[in-house]
Amino acid sequence: MSDNQTTTRAEGRDLFLTRVINAPPEKLFQAWTDPRTMEKWFCPKPWRVSVISSDLRPGGASVMTMHGPEGQEFPNNGVYLDVVPNRRIVFTDAFTSAWEPSDKAFMVAEVTFDDLGGGKTRYSAHVRHWSVEDREAHEKMGFHEGWAKATEQLVELVEAR
């Protein structure tokens, strides 16, 4: 994989995204954990996201809403399962705040920031789904295009700082 190339793939119930980014892991972790920064890159434009709250700790709730250009609103509530500063964030939509089960568990996502030295990071997302049908539904929702575009927006943000 070369710099400046985001790759995505599907395998079984899982989806993957990988990119080498010219920024240290600390910048990427901050972009993933600061709600005001997430608003700048998390959804592929012209979509946007409003982050209502993010309790960044195992068991902490994440509450955000994605807004479409035609007024669509998609709430996204979940819980962090693991948080290792500057290394890894694992979250799921299987639970909402206080370990309350969600109406429909869809995925567990693990985002990692591997320090490659020289100010470069291997940025990876591994999204696990409960079934192949859920993975296929995520692909139809635009995983490959959407997560790749959001990654491009993330790159523009962290490499510009």
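Residues numbered from 1 in each chain as written. Predicted model: local features only at pLDDT ≥ 70, side-chain atom pairs only at ≥ 80, totals over all residues. Heavy atoms only, no water.

The protein goes by SRPBCC family protein in an unreviewed UniProt entry, where it is assigned to Massilia agilis. Taken directly from UniProt, the Sequence similarities (unreviewed entry) text for the protein runs: "Belongs to the AHA1 family." (UniProt positions renumbered as here; feature names shortened; annotations may be inferred.)

Asks: Explain the layout of surface pockets here, please?
Replies: Summary: where empty space remains is shown by rolling a probe the size of a single water molecule over the atoms. When its volume is computed, the largest pocket comes out at roughly 1100 Å³. Around the largest pocket, the lining comprises 36 residues; the ones closest to its centre are F42, M66, N76, M107 and M141. Sorting the residues of the lining of the largest pocket by element identifies helix 2 (35-41), strand 4 (61-67), strand 5 (73-84), strand 6 (88-92) and helix 4 (143-160) as the ones contributing at least two each. Broken down by element, the lining of the largest pocket gets its largest block of residues, 7 residues, from strand 5. Grouping the constituent residues of the lining of the largest pocket by class yields 22 nonpolar, 11 polar and 3 charged. (1 Å grid on protein atoms, 1.4 Å probe; cavity = no way out; pocket = protein on both sides within 12 Å on 5 of 7 lines; lining within 4 Å. Points joined across faces, edges and corners; volume = space filled by probe spheres on them. Helix = DSSP H or I, 4+ residues; strand = E, 2+ residues; numbered from the N terminus. Nonpolar A, V, L, I, M, F, W, Y, C, P; charged D, E, K, R; others polar.)

Asks: Please explain the UniProt feature "domain: Activator of Hsp90 ATPase homologue 1/2-like C-terminal" (unreviewed entry) in the protein as it appears in this structure.
Replies: Per the UniProt annotation, the sites labelled "domain: Activator of Hsp90 ATPase homologue 1/2-like C-terminal" (unreviewed entry) are residues 22-159. For the annotated span residues 22-159, helix accounts for 30% and strand for 38% of the residues, and the straight-line distance between the end C-alpha atoms is 6 Å.

Asks: Sorry if this is basic, but what is going on with the pairing of strand 2 (residues 14-21) here?
Replies: Regular strands show a simple pattern: their side chains alternate between the two faces of the sheet. For strand 2, a buried count of 8 out of 8 residues is recorded, marking the element as mostly surrounded by other parts of the structure. Counting the residues that bridge the hairpin from strand 1 (residues 7-11) to strand 2 gives 2 residues, and of these G12 lies at a positive phi of roughly 60 degrees. The sheet contact formed by strand 2 and strand 8 (residues 120-129) spans 8 bridges and is antiparallel. Bridged to L15 within strand 8 is V127. (Buried < 20%, exposed > 50% of the residue type's maximum accessible area, 1.4 Å probe, protein only. Pairing = 2+ DSSP bridges.)

Asks: How should the nonpolar core be read in this particular structure?
Replies: Side chains of nonpolar character tend, in soluble globular proteins, to be buried together. Core analysis: the biggest nonpolar cluster contains 34 residues, and W32, W41, F42, F91, F113, Y123 and L154 have the highest contact counts within it. Counting residues per element, this core draws most heavily on helix 4, at 7 residues. Discounting chain neighbours no more than four positions away, the residues touching W41 are A31, W32, Y123, A150, Q153, L154 and L157. (Core = buried A, V, L, I, M, F, W, Y, C linked by side-chain atoms within 4.5 Å. Contact = heavy atoms within 4.5 Å.)

Asks: Even after reading the chapter, I still don't get helix 4, so can you show me in this structure?
Replies: Side chains of residues three or four places apart in an α-helix project in the same direction, reflecting 3.6 residues per turn. Helix length check: helix 4, at 18 residues, gives a terminal C-alpha distance of 25 Å against a target of 26 Å (1.5 Å per residue), a fit within 8%. Looking at helix 4, one finds that the buried residues are F143, G146, W147, A148, A150, T151, Q153, L154, V155, L157 and V158. Looking at the packing, one finds that the buried side of helix 4 touches strand 1, strand 2, helix 1 (25-33), helix 2, strand 8 and helix 3 (132-140). (Expected span 1.5 Å × (residues − 1).)

Asks: Looking at this structure, I do not really get the pattern of salt bridges. What am I missing?
Replies: Where charged atoms of side chains with opposite charge meet at close range, the side chains can pair. All chains considered together, the criterion is met by 10 salt bridges. For E152, the salt bridge identified is with R19, shortest N-O distance 2.5 Å. Placement of the pair is E152 in helix 4 and R19 in strand 2, with a sequence separation of 133 residues. We classify R19 as buried; its relative accessible area is 2%. A salt bridge links R36 to E39, with the nearest nitrogen and oxygen atoms 2.3 Å apart. On the criterion of helical spacing, the pair formed by R36 and E39 is a turn pair, its members being 3 residues apart in helix 2. When its relative accessible area of 31% is taken as the criterion, E39 is described as partly exposed. In the salt-bridge network here, residues are joined through shared partners; they are R135, E136 and E139. (Salt bridge = Lys/Arg side-chain N within 4 Å of Asp/Glu carboxyl O.)

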